[in-house]
Amino acid sequence: APNPSDLNGNLYPGGVASVNGLNPPLQYFFDNASPIVRSLATFTNPGGAAVTRTITWQNNLGADASTQVTGSSSGDTTFGINDRWVTTDDVNTGAGDPATYFALYGPGALVPTSATFLTTTFLAAGAQGVRAEYMLTVGAGQTVSLLFFNGIDTTTANALAAVTQFDNLSATDPLLAGVDLSQVANWDIAQIPEPGTLGILGLGLVGLGLARRKRAA
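If you're wondering where the values come from, they're calculated on a predicted model, not measured in any experiment.

A look at the pairing of strand β7 (residues 99-103)
Within β7, 5 of the 5 residues are buried, leaving the element largely enclosed by the surrounding structure. The side-chain alternation of β7 yields two buried faces, one formed by A99, Y101 and A103 and the other by T100 and F102. Relative to β7, strand β6 (residues 85-89) is paired through 4 bridges, and the arrangement is antiparallel. Each bridged residue has a counterpart across the sheet, and for T88 the counterpart in β7 is T100.

Let's talk about the pattern of salt bridges
Counted by the stated rule, this structure contains 1 salt bridge. Across the salt bridge formed by D167 and R84, the nearest N and O atoms sit 2.9 Å from each other. On the criterion of sequence distance, the pair formed by D167 in the loop between α1 (156-163) and α2 (195-216) and R84 in the loop between β5 (68-72) and β6 is long-range, its members being 83 residues apart. R84 gets classed as partly exposed once you look at its relative accessible area, which sits at 22%.

Overview of the environment of S72
Topologically, S72 is positioned in strand β5. Each C-alpha atom of the pair S72 and V86 lies 4.2 Å from the other, and the pair is 14 residues apart in sequence. Among the polar contacts made by the side chain of S72, one reaches the main-chain carbonyl oxygen of D76 at a distance of 2.9 Å. In terms of polar contacts, S72 uses its side chain to reach the side chain of D83, at 3.2 Å.

A look at the packing of aromatic side chains
Applying the stated rule across the entire model yields 6 aromatic pairs. Counting every residue linked through ring pairs, the aromatic cluster contains W57, F102, Y134 and F148.

Observations regarding the sheet that holds strand β10 (residues 143-153)
Read across the open sheet, the 7 strands follow the order β1-β2-β3-β10-β7-β6-β5; overall the sheet is antiparallel. Where the open sheet ends on each side, the last strands, each with one partner, are β1 (11-13) and β5. Strand after strand, the sheet turns through a mean of 20 degrees between neighbouring axes, direction not considered.

Remarks on the environment of F117
Relative to the helices and strands, F117 is located in strand β8 (residues 114-118). In this structure the C-alpha to C-alpha distance between F117 and A132, which are 15 residues apart in sequence, comes to 8.8 Å. Among residues more than four places away in sequence, those in contact with F117 are T67, Q68, V69, F79, T88, Q128, G129 and V130.

As for the side chain of S72
Residue classification places S72 among the buried residues on the basis of a relative accessible area of 5%. Beyond its immediate chain neighbours, meaning those up to four positions away, S72 contacts T78, D83, W85 and V86.

A short note on a nonpolar patch on the surface
Residues Y12, Y28 and F30 make up a contiguous nonpolar surface patch of about 300 Å² in total accessible area. Relative to the helices and strands, F30 resides in strand β2 (residues 26-30).

Structural notes on the confidence of the model for the protein chain
Confidence along the protein chain averages 80 in pLDDT terms, with 73% of residues attaining 70 or more. This model gives residues 197-208 a pLDDT under 50, and the stretch forms 1 contact once residues within four places in sequence are excluded. Overall, residues 210-214 carries pLDDT values under 50, and its contacts beyond four positions in sequence, including any with other chains, amount to 0 contacts.

Concerning the pairing of β10
Counted residue by residue, β10 has 8 buried out of 11 residues, so it is predominantly covered. Here strand β3 (residues 36-44) pairs with β10 via 9 bridges, running antiparallel. Looking across to β10, one finds that R38 is bridged to F149. Relative to β10, β7 is paired through 5 bridges, and the arrangement is antiparallel. Of the residues in β10, the one forming a bridge with F102 is N150.

Side note on the nonpolar core
Counting residues in each nonpolar core, the largest one holds 22 residues, and the members touching the most others are Y101, L147, F149, F166, L169, L176 and W187. When contributions to this core are tallied by element, the ones reaching two or more residues are β3, β7, β10 and α1. Those residues in contact with L169 that sit more than four places away from it in its chain are F149, L176, W187 and I189.

The rules behind these values
Residues numbered from 1 in each chain as written. Predicted model: local features only at pLDDT ≥ 70, side-chain atom pairs only at ≥ 80, totals over all residues. Heavy atoms only, no water. Buried < 20%, exposed > 50% of the residue type's maximum accessible area, 1.4 Å probe, protein only. Helix = DSSP H or I, 4+ residues; strand = E, 2+ residues; numbered from the N terminus. Pairing = 2+ DSSP bridges. Salt bridge = Lys/Arg side-chain N within 4 Å of Asp/Glu carboxyl O. Polar contact = N/O pair within 3.5 Å; in protein donor to acceptor, adjacent residues only side chain to side chain. Phe/Tyr/Trp six-rings, centres within 6.5 Å; stacked < 30°, edge-to-face > 60°. Axes fitted to C-alpha atoms, helices over the stretch in contact; angles between N-to-C directions. Contact = heavy atoms within 4.5 Å. Patch = residues over 30% accessible without salt bridge, like charges linked within 9 Å, V, L, I, M, F, W, Y side chains within 5 Å. Areas by Shrake-Rupley, 256 points an atom, 1.4 Å probe, with all protein chains shown as cover. pLDDT = per-residue confidence, 0-100. Core = buried A, V, L, I, M, F, W, Y, C linked by side-chain atoms within 4.5 Å.

Next up, the structure:
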């Protein structure tokens, strides 16, 4: 896991608690270039046998009592396990609190076992919130992470436009700086080889071509 002082001071550690045999440090990364926060929960199993647990993620980013679902990756305003992302806003979508968006998983990765928008997620004036549950298995001595993104924008339309960036995340995206993508269960992000690796691969292909030419001669 990255050091809490890395990433120009934008990375902040959360609390550490035990989840029935798993040690899950939580880290938040605040992006300088956009109103987005990245949440990374990293679960380590120090035991000698695999551990399977239900992990609940929930958030509302300070929603008011009139908050509603305004869009989803499936194209409707009903949030379910088939939705990789969801947007919310209060009834007055052009004023009041900012519109919010939540990206919960990527294509081809771990899907929540349940996902819903509830009016009783939080004990506050605005109790509405987005909640998802994941069935997570961590092998003996292994580490697995869950990665989430939250953002705010001025209007519902802007939030719907901004959240689509999570449909095709690249390994070089600044929002993924410092993340060990090989450990992330709910995003399957293609890892781009380092430049040195590409150079070695290129030399190998050149060598293979020369060898073929010699055989042909």
